[in-house]
Amino acid sequence: MAGWLSALKKTRSIIGQVFSSKTNLEEMEVEEIEEILLRSDVPARLTMEIADELEYPTRKATRRERLTDILMKELGETLDFQWLEENKPYVVMLLGINGSGKTTTAAKLAKKAMGEGRRPMLCGSDTFRAAGSSQLKLWSERIGCDFVGGEMGHDAAGVAYNAVESAIEKKCDVVLVDTAGRMHTKTPLMDELPKMCRSMSKRRAGAPDDVWMVLDASLGQNAVIQAKQFNEVVPLTGIIVTKLDGSSKAGFLFSVRTELKVPILFTGLGEGEDDLVPFDPQEFVNALFDDGSEDS
Ligand SMILES: Nc1nc2c(ncn2[C@@H]2O[C@H](COP(=O)(O)OP(=O)(O)O)[C@@H](O)[C@H]2O)c(=O)[nH]1
Ligand SMILES: [Mg+2]
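Residues numbered from 1 in each chain as written. Chains lettered and ligands numbered in written order. Predicted model: local features only at pLDDT ≥ 70, side-chain atom pairs only at ≥ 80, totals over all residues.

Novice: Tell me about the packing of helix α10 (residues 221-233) against helix α11 (residues 253-260), and please be specific about residues and values.
Specialist: Packing of α10 against α11 brings their axes to within 10 Å, and their N-to-C directions diverge by 25°. Between α10 and α11, the angle is such that the two are roughly parallel. The hand of the α10/α11 crossing is right-handed. Residues Q221, V224, A227, K228 and N231 of α10 touch α11, and the partners they reach there are S255, V256, E259 and L260. Partitioned by chemical class, the residues of the contact of α10 with α11 number four nonpolar, three polar and two charged. (Axes fitted to C-alpha atoms, helices over the stretch in contact; angles between N-to-C directions. Helix = DSSP H or I, 4+ residues; strand = E, 2+ residues; numbered from the N terminus. Parallel < 35°, antiparallel > 145°, perpendicular 65-115°, else oblique. Left-handed = near helix turned anticlockwise from the far one by under 90°. Contact = placed C-beta atoms within 7 Å. Nonpolar A, V, L, I, M, F, W, Y, C, P; charged D, E, K, R; others polar.)

Given below as structure tokens:
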């Protein structure tokens, strides 16, 4: 299973120029420090706060301790996600643009649920592309869980309804609804999302229990802009950040809580079915500082 340290290698190759204990910051201009942080999509306000702290330390502690405090405060509490037992089946809808990692993440979440002794149902409601639903079906066969999907051109809201219905019949604990990728700017496709929610709630009141946006970390700050627009169409309850392992812009994670007011729940650290881990602010921040000598 991929780890935080190697996943953050690219971001660290930039940020490390400021964070590494090996760097002598006396030799750097404030502008240079700010430029480095912004290059990894650390939000502007936080960048200024960090540069300030480096220039005028507020207390006697190591540089790493002082910066860690600032960064941890920005990320907030660790959230330990649990499926609510009383909502059966617990329905989670995954949203995002094309290629963000929705289908892979749905499979990873199903695998995780199985590992916890729950019976998941994967719902392939990506009826927009020919291979949309079949890709998830293959995953369901690989990990060995239930699946309901639709053919290309089918009504996605109907497919989602059928999946919830079938999950109730089969006494599944969890339904993971994979949706078609869509651009936040395309109104008709965006309108399909609330329709899907209404349709599922007709079969199980209150469904979906969660709406999670899947963000591709390689897009950096642009991913947050997309999420804002999705959030206006269907209120998001959580964020999943994928492809952290290939991104040099992981600094955008610091804007999620302040800009979206939605917690980061899980992070994808690789392509494998076990490479989805709960978002751990402490691990994340630690990995930003590490000089990475042992994994280079
Ligand atoms: N490296 C890496 N690749 C990922 C991760 N999550 C998804 N991918 C890859 O991203 C590509 C698109 O994923 P997919 O789930 O099909 O995206 P979708 O269009 O949103 O359904 C695939 O090649 C996945 O293997 C991740 O956390 N790390
Ligand atoms: Mg997909």
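Continuing now.
Novice: Explain the sheet that holds strand β2 (residues 120-124) to me, and be specific about the residues and the numbers.
Specialist: Backbone hydrogen bonds hold the strands of a sheet together, and the pairing may be parallel or antiparallel. One open sheet holds the eight strands; their spatial order is β3-β2-β4-β1-β5-β6-β7-β8, and the pairing between them is mixed. Two strands lie at the open edges of the sheet, namely β3 (146-149) and β8 (276-278), each paired on one side alone. For this sheet, the mean angle separating the axes of adjacent strands, direction not counted, is 25°. Pairing of β2 with strand β4 (residues 174-178) involves five bridges; the strand directions are parallel. Residue pairing for β4: L122 is matched across the bridge by L176. (Pairing = 2+ DSSP bridges.)

Novice: Can you lay out the pairing of strand β7 (residues 264-268) for me, pointing to particular residues and giving the numbers?
Specialist: Here β7 lies mainly inside the structure; four of its five residues are buried. Two elements, strand β6 (residues 238-242) and β7, share three bridges in a ladder whose sense is parallel. Within β7, the residue paired with V241 across the bridge is T267. Bridge count between β7 and β8: three bridges; the pairing is antiparallel. (Buried ≥ 20, exposed ≤ 12 C-beta atoms within 10 Å, placed from the backbone.)

Novice: Lay out the packing of helix α6 (residues 102-115) against helix α7 (residues 132-143) in plain terms, naming residues and giving numbers.
Specialist: Where α6 meets α7, the closest approach of the two axes is 10 Å, and the angle between their N-to-C directions is 25°. In this view, α6 runs roughly parallel relative to α7, as classed from their interaxial angle. Classified by chirality, the crossing of α7 by α6 is right-handed. From α6, T103, A106, A107, A110, K111 and M114 reach across to α7, where they touch Q135, L136, W139 and I143. For the contact of α6 with α7, the residue count by class is seven nonpolar, two polar and one charged.

Novice: For the site of ligand 1, give the residues involved together with the corresponding values.
Specialist: Residues in contact with ligand 1 amount to 17 residues; listed here are only the nearest, G101, K102, T103, T104 and G268. With three residues, α6 is the single largest residue contributor to the shell around ligand 1. Each residue belonging to the shell around ligand 1 can be placed in one class, and the counts come to no nonpolar, 12 polar and five charged. (Near = placed C-beta within 6 Å.)

Novice: For the pairing of strand β1 (residues 90-95), give the residues involved together with the corresponding values.
Specialist: Here β1 lies mainly inside the structure; six of its six residues are buried. Residue alternation in β1 divides its side chains into two sets, Y90, V92 and L94 and V91, M93 and L95, and both sets are buried. With five bridges joining them, β1 and β4 adopt parallel strand pairing. Within β4, the position partnered with V92 by the bridge is L176. Relative to strand β5 (residues 210-216), β1 is paired through four bridges, and the arrangement is parallel. Bridging across to β5, L95 finds its partner in M213.

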